[in-house]
Amino acid sequence: MFDNTNKPRGLSRIYLASLNSLRAFSWLINHEAAFRQELLLLIIATPVTFLLDITVKEQIILIVALLFIIFTEIINTAIEAIVDKVGLEIHPLSGLAKDLGSAAVLLSVVIAVLVWIAVIF
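So, here is what we can say about the structure in this document. Everything numeric here is computed off the predicted structure, so don't read it as measured data.

Here the focus is the nonpolar core. One broad trend across soluble globular proteins is that nonpolar side chains are buried collectively. In terms of nonpolar packing, the biggest core is built from 13 residues, with Leu42, Leu66 and Trp116 touching the most fellow members. Elements that contribute at least two residues to this core include exactly helix 2 (33-51), helix 3 (56-86) and helix 4 (92-120). No other element matches the six residues that helix 3 contributes to this core. What Leu42 contacts, discounting residues up to four positions off in sequence, is Pro47, Ile63, Leu66, Leu67 and Ile70.

Below, the discussion takes up the pattern of salt bridges. Counted under the stated rule, the structure contains one salt bridge. With its nearest N and O atoms 2.6 Å apart, the salt bridge here joins Asp84 to Lys98. Placement of the pair is Asp84 in helix 3 and Lys98 in helix 4, with a sequence separation of 14 residues. Take Asp84: its relative accessible area is 33%, and that puts it in the partly exposed class.

So, on to the packing of aromatic side chains. A ring pair, where both rings are aromatic, is described by two values, the distance of the centres and the angle of the planes. Applying the stated rule across the entire model yields two aromatic pairs. Seen from their ring centres, Phe25 and Phe35 are 6.2 Å apart, and the 45° between their planes marks the pair as tilted. With Phe25 in helix 1 (residues 10-31) and Phe35 in helix 2, the pair connects residues that are ten residues apart, well separated along the chain. Owing to a relative accessible area of 37%, Phe25 belongs among the partly exposed residues under this scheme. Plain terms: the ring middles of Phe68 and Phe71 are 6.2 Å apart, the flat faces sit at 15° to each other, and that makes the pair stacked. Separated by three residues within a single helix, Phe68 and Phe71 lie in helix 3, roughly one turn from each other. On the accessibility criterion, Phe71 (48% relative accessible area) is partly exposed.

Conventions adopted
Residues numbered from 1 in each chain as written. Predicted model: local features only at pLDDT ≥ 70, side-chain atom pairs only at ≥ 80, totals over all residues. Heavy atoms only, no water. Core = buried A, V, L, I, M, F, W, Y, C linked by side-chain atoms within 4.5 Å. Buried < 20%, exposed > 50% of the residue type's maximum accessible area, 1.4 Å probe, protein only. Helix = DSSP H or I, 4+ residues; strand = E, 2+ residues; numbered from the N terminus. Contact = heavy atoms within 4.5 Å. Salt bridge = Lys/Arg side-chain N within 4 Å of Asp/Glu carboxyl O. Phe/Tyr/Trp six-rings, centres within 6.5 Å; stacked < 30°, edge-to-face > 60°.

In structure tokens, the structure reads:
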């Protein structure tokens, strides 16, 4: 049972939170094809930034744009998980929540593409 008065503090809290995050990343890699694709994009595109004739600041901006896609995919997956937890029946609001999460991912992809275009050209 969750004990709100006896929560870990300090380095223990950071360590346990890190374990939870690693478990989440592992789950995403094993269960979410979109996350794997976006992670592959990050893994391939990050070294490419070292080959471009750009400043370190521009390189960081390009990588952050890709990380933003990963971030929105994680939020989208969290929305999908909680909607499915509430109920698997078809409901317009459940569909809307999932569609809005998907729209956020699409928007993050558009932002990343625009950032890459702006920096490279």
